[in-house]
Amino acid sequence: MGFSYLRNLLIRKNLITRNMSIDIGGMRIKYKDKKDTFLEKHLVSKEPFGQFKSWFEDACDKKEILEPNAMCLATVSKEGYPSARFVLCKGYGKDGYKFFTNYESRKAKEMAENPNVAATFYWEILNRSVRIEGQVEKLSEDESTIYFHSRPVPSQIAACASYQSTPIMSRDVLCEREGKLEAEYIIPGKEVPKPKYWGGYIIRPKAVEFWQGQGDRLHDRIKFRRPKEGKVPDGKILHQGEDGWVYERLSP
């Protein structure tokens, strides 16, 4: 076996190794230790909004989490095809979770056809996730207008320049629209009018699940939901919460 043969064999082996796919199946991180379990006694509220507030504030305190209010919004078309994308939550409370978008976008058209939606927050540093299921409603025109004018002016211009989800020839089309709008409003210092096709929504949840990852993969899941008619909490599996909510632990 000559030197040149061995050299060529090593070269081929190295090329194969470099071209191999990443071992996705072996990718995993260590979550929390067993002493950091999320138990029912750790709930700061017996209804989901108080518990969300606690976890959301924890996420906001972590500088590594750049957008703690980012949530993945899932909608379904009338044909039954799901789609998901990230939006920014711009308000939450006992009434629900608010966000803003273009009313002519794909998500808006799907929500008009089917108001049932889901949203998920994920804070990797904390090994925590919150899943929301419910129905969506439009916010009032007044509330949408107030929020629109609270945004930075370039963001207002962008909302006017983009007909979201529609095909365009190139980015130059957007830049041209943006330039015209800047000349019309920013240079003379005029207020940018909110487009009729832009505004807000609120998700009114029927279920909110709090997930905390564990190192042994026995993850903690505590779900709040509205009780089914005639279903009485037994205090063992199904627990009575507050404000008309019940909660239960789910298997991971």
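In this text the structure is predicted, and so the values were computed from the model without any measurement.

So, how was this worked out
Residues numbered from 1 in each chain as written. Predicted model: local features only at pLDDT ≥ 70, side-chain atom pairs only at ≥ 80, totals over all residues. Heavy atoms only, no water. Helix = DSSP H or I, 4+ residues; strand = E, 2+ residues; numbered from the N terminus. Buried < 20%, exposed > 50% of the residue type's maximum accessible area, 1.4 Å probe, protein only. Areas by Shrake-Rupley, 256 points an atom, 1.4 Å probe, with all protein chains shown as cover. Phe/Tyr/Trp six-rings, centres within 6.5 Å; stacked < 30°, edge-to-face > 60°. Core = buried A, V, L, I, M, F, W, Y, C linked by side-chain atoms within 4.5 Å. Contact = heavy atoms within 4.5 Å. 1 Å grid on protein atoms, 1.4 Å probe; cavity = no way out; pocket = protein on both sides within 12 Å on 5 of 7 lines; lining within 4 Å. Points joined across faces, edges and corners; volume = space filled by probe spheres on them. Nonpolar A, V, L, I, M, F, W, Y, C, P; charged D, E, K, R; others polar. Axes fitted to C-alpha atoms, helices over the stretch in contact; angles between N-to-C directions. Parallel < 35°, antiparallel > 145°, perpendicular 65-115°, else oblique. Left-handed = near helix turned anticlockwise from the far one by under 90°. Arc of directions from axis to C-beta.

Caption draft 1: Seen up close, the overall build of the protein chain. Summing up its helical and strand segments, the protein chain has 6 helices and 10 strands in all. Relative to its 252 residues, the protein chain shows a buried fraction of 37%. In the structure as shown, the protein chain presents an accessible area of about 15700 Å², 54% of it carried by carbon and sulfur atoms.

Caption draft 2: Representation of the packing of aromatic side chains in the model. Summed over all chains, the structure comprises 22 aromatic pairs. Pairing Y97 with F121 gives two aromatic rings, centres 6.4 Å apart and planes at 50°, and the pair type is tilted. A residue pair is termed long-range when its members are at least 10 positions apart, and Y97 in strand β4 (residues 96-102) and F121 in strand β5 (residues 116-123) qualify at 24 residues. Given the relative accessible area of 0%, Y97 is considered buried. Residue classification places F121 among the buried positions, given a relative accessible area of 0%. Ring geometry for Y147 against W198: centres 6.2 Å apart, planes inclined by 5°, an arrangement best described as stacked. Here the residue Y147 occupies a position in helix α4 (residues 141-148), and W198 occupies one in strand β7 (residues 198-212), the gap between them amounting to 51 residues. The exposure class of W198 is buried, given its relative accessible area of 6%.

Caption draft 3: Broad picture of the nonpolar core. By size, the foremost hydrophobic cluster in this structure holds 33 residues, and its most contacted members are Y97, F99, F121, W123, V130 and I203. Of all elements in the fold, only α2 (48-60), β1 (70-76), β4, α3 (106-113), β5, β6 (128-138), β7 and β8 (220-225) reach the threshold of two or more residues within this core. It is α2 that contributes the most residues to this core, 5 residues altogether. The contact partners of F121, leaving out residues within four places of it in the chain, are F52, P68, N69, A70, M71, C89, Y97, R128, S129, V130 and I132. Residues L139, A159, V192 and I202 belong to the second largest nonpolar core, which totals 13 residues.

Caption draft 4: Geometry of empty space enclosed by the protein. According to the stated counting rule, one finds 1 cavity of 30 Å³ or more in the structure shown. Here the largest cavity is characterised by a volume of approximately 30 Å³. Listed by contribution, the elements that provide at least two residues to the lining of the largest cavity are β6 and β7. For the lining of the largest cavity, the class distribution of residues is 3 nonpolar, no polar and 4 charged.

Caption draft 5: Region of the structure containing the packing of helix α5 (residues 153-161) against helix α6 (residues 171-186). Two numbers describe how α5 lies on α6: the axes approach to 9 Å, and their chain directions differ by 125°. Here α6 runs oblique to α5, going by the angle between their axes. Read as a crossing pair, α5 and α6 show a hand that is right-handed. Residue-level contacts link V153, I157, C160 and A161 of α5 to L174, R177, E178, L181, E182 and I186 of α6. Of the residues in the contact of α5 with α6, the class split is 7 nonpolar, no polar and 3 charged.

Caption draft 6: Expanded view of α4. For α4, the set of buried residues is S144, Y147 and F148. Mapping the buried residues of α4 onto a view down its axis gives an arc of 100°, with all of them on the same face. Within α4, the exposed residues directed more than 90 degrees away from the buried face are D142 and I146. Residues of α4 that are buried in the fold lie against β4, α5 and β7.

Caption draft 7: Highlighting the layout of surface pockets. Each pocket or cavity is described by its volume, and for the largest pocket that value is around 350 Å³. Considering the residues around the largest pocket, the lining is formed by 16 residues, among which F100, T101, R151, Q164 and W198 are closest to the centre. Elements that contribute at least two residues to the lining of the largest pocket include exactly β2 (82-88), β4 and α5. Split into classes, the residues belonging to the lining of the largest pocket amount to 8 nonpolar, 5 polar and 3 charged. Volume-wise, the second largest pocket comes out at about 180 Å³. What lines the second largest pocket is simply E64, I65, L66, E67, P68, A70, F86, Y122, W123, E124 and I125.

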